[in-house]
Amino acid sequence: MTRFGIVGGGLMGHGIAVALAVAGHHVVVYDADSATLASLDERVVRALGRCEVPPDDAGPVTARITAAGTLSDMVVGVDAVLEAVPERLDVKQQVLEALEAIVPAVMPVWSNTSVLSLTEVAKGMRHPQRLVGVHWWNPPYVIPLVEVAPGAETDRRFVREACELLNGMGKTTVRLHRDVPGFIGNRLQFALVREALHLLEQEVCDPVTIDTVMRASLGLRWSAVGPMENADFIGLDLTRSILESLAPHLSSAVTFPSLEKPLDAGHRGRASGGGLLTWPPGRGEEVARRLENGIRRNLVEP
C-alpha cells in the first residue's frame, strides 16, 4: 500500500485519486483553488457511483482520500507525488520546483501530462531522474490504460517501479521507449481530429456526419482490432497502396480555421452551450454517461 500526494484536484486529479483509492492506496489531494478542493468529496462520491463501487465499500474508499490545505501538508507521510495540473509547461515546472523544495530527493514524482515533452517538463528540476510520465486516460477509474514514459534523464528504475505498481492495481500499462510529446494515444487521437477538421474545412460533410462515421464503423472496429493488426490482417501490400493513394490528400495543417471561427465567436463547446455542435442543458451529462457506458461495454478480454 502506497500513500500518494496529488497536486491538482480537477477532472483528472480527482479521478486518479479515485482509481488509486479503489485499489487500496491512500491519497492526499491539494489544489490551489479552494472551490475545487471544497468540492472534492462530492465529486469523489459521484465518481464512485459511476464506477459501480458497492455502497458498503464506498465509505472505506472515500476515507482513503483526504484534502490538504497546503502543498506542505499534502506531502507529509507520502511515498510518491503526482502532478495533475493544467497542460501548461510553465505551470507544471513551477509545481515541480515547489515540490522538490519539500520532498526527499529519492521520492518518485509522476507527471500526468498527456501533451508536453516530459524532458521539457523536467527542465529546472534538481533531480530529473525521478520524474516519470504517467498518463492516465479519462475517466481514470474506468479506462484501464496508463501510458508510462521516461524523460531524457529519467532513471529507468522509477519507470519500472511505476509500471509494477500500476500493474498491481489491474491497470494495462504500456511503456514508451523514449519521450515524445503526446505519448502514443494522443498522437493517434489528434491526428484523427486534425483530419476530421480538414473534412469540415473542405466542406465534405458536417460534424454530425463525422461522428456518425466514427461511431458506426471505425469505433466498432478499433475496439477489437488495432491499426497495426488490421494492417497485417488486410495485407501490407494493400495497406501500402491505400496510403500511397490517400496520403497526398490528408491534412498536414498546423492552424485550424474550423476551430478559430467558433472560438472567435465565444463558442468553446460544451461549457459555453455550443461549439462544433449545439449543447443544450443536459446533453453534457448524457454524453458523459454514454461515454462511460460505451467504455464498459468494450472492456472484454481480447
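Residues numbered from 1 in each chain as written. Predicted model: local features only at pLDDT ≥ 70, side-chain atom pairs only at ≥ 80, totals over all residues. Heavy atoms only, no water.

Q: Just to check I follow, could you spell out the overall build of the protein for this structure?
A: Counting its secondary structure elements, the protein contains 14 helices and eight strands. Relative to the 2.2 N^0.38 estimate, which gives 19 Å for 302 residues, the radius of gyration of the protein is 21 Å and therefore close to what a compact globule would have. Seen along its three principal axes, the alpha-carbon backbone of the protein occupies a region of about 60 × 45 × 45 Å. For the protein, with 302 residues in total, the buried portion stands at 41%. Taking the contacts inside the protein whose residues are at least 6 apart along the sequence as the reference set, 66% of them involve residues at least 24 apart. Carbon and sulfur atoms provide 57% of the accessible area of the protein, an area that totals close to 16900 Å². Between the centroid of the 29 positive side chains of the protein and the centroid of its 36 negative side chains there is a distance of 1 Å. (Helix = DSSP H or I, 4+ residues; strand = E, 2+ residues; numbered from the N terminus. Rg over C-alpha atoms; globule rule 2.2 N^0.38 Å. Buried < 20%, exposed > 50% of the residue type's maximum accessible area, 1.4 Å probe, protein only. Contact = heavy atoms within 4.5 Å. Areas by Shrake-Rupley, 256 points an atom, 1.4 Å probe, with all protein chains shown as cover. Lys, Arg positive; Asp, Glu negative; His and termini not counted. Charge placed at Lys NZ, Arg CZ, Asp CG, Glu CD.)

Q: Which parts of the structure should I look at to understand unusual backbone geometry?
A: Trans peptide bonds make up most of the peptide bonds, and negative phi angles are found at most residues other than glycine. Put simply, N138 and P139 share a cis peptide bond, and its omega is 0°. With respect to the element layout, P139 can be found in the loop between β6 (131-136) and β7 (145-150). Here F183, not a glycine, exhibits a phi torsion of approximately 55°, which is positive. Secondary-structure assignment places F183 in the loop between β8 (172-175) and α9 (185-201). Overall, the relative accessible area of 2% leaves F183 in the buried class. With a phi close to 55°, E203 is a non-glycine residue in the positive phi region. One can find E203 in the loop between α9 and α10 (207-222).

Q: Is there a simple way to explain the nonpolar core in this structure?
A: It is characteristic of soluble globular proteins that their nonpolar side chains tend to be buried jointly. By size, the foremost hydrophobic cluster in this structure holds 42 residues, and its most contacted members are I6, I65, W110 and W136. Those residues in contact with I6 that lie beyond four places of it in its chain are G13, I16, A17, L20, V27, V28, V29, Y30, M74, L82 and A84. The next biggest cluster of nonpolar side chains, apart from the first, holds 23 residues, and it includes L71, V81, V121 and M125. (Core = buried A, V, L, I, M, F, W, Y, C linked by side-chain atoms within 4.5 Å.)

Q: Explain the pairing of strand β1 (residues 3-7) here, please?
A: Taken residue by residue, a regular strand's side chains alternate between the two faces of the sheet. Counting buried residues in β1 gives four out of five residues, a clear majority hidden from the surface. In this structure, β1 lies alongside strand β2 (residues 26-30), joined through five bridges in parallel fashion. Residue pairing in the sheet places V7 in a bridge with Y30 of β2. Handedness of the crossover is the feature at issue here: the chain leaves β1, passes through helix α1 (residues 11-22), returns alongside β2, and the resulting connection is right-handed. (Pairing = 2+ DSSP bridges. Right-handed = clockwise from strand over helix to strand, strands pointing away.)

Q: I would appreciate a short explanation of the sheet that holds β6 in the present structure.
A: Backbone hydrogen bonds are what pair the strands of a sheet, in a parallel or an antiparallel way. Pairing is mixed across the open sheet formed by eight strands, whose spatial order is β3-β2-β1-β4-β5-β6-β7-β8. The strands lining the two open edges of the sheet, one partner per strand, are β3 (65-67) and β8. Direction aside, the axes of adjacent strands within the sheet are offset by 25° on average. Each of β1, β5 (109-111), β6, β7 and β8 is contacted by helix α8 (residues 156-168), which is oriented at about 170° to β7, the strand it contacts most. (Axes fitted to C-alpha atoms, helices over the stretch in contact; angles between N-to-C directions.)

Q: Just to check I follow, could you spell out the environment of L299 for this structure?
A: Among the structural elements, L299 can be located in the segment after α14 (283-298). For L299, a relative accessible area of 43% gives the class partly exposed. The spacing of L299 and E42 is 257 residues in sequence and 27 Å in space, taken between C-alpha atoms. In this view, L299 contacts V142 and P144; residues no more than four positions away in its chain are not counted.

Q: Quick question: what am I supposed to make of the environment of V29 here?
A: As for its placement among the helices and strands, V29 is situated in strand β2. Here the alpha-carbon distance between V29 and A216, two residues 187 residues apart in the chain, equals 40 Å. In contact with V29, other than residues within four places in its own chain, are I6, G8, G9, A17, L37, L40, I65, T66, A67 and A68.

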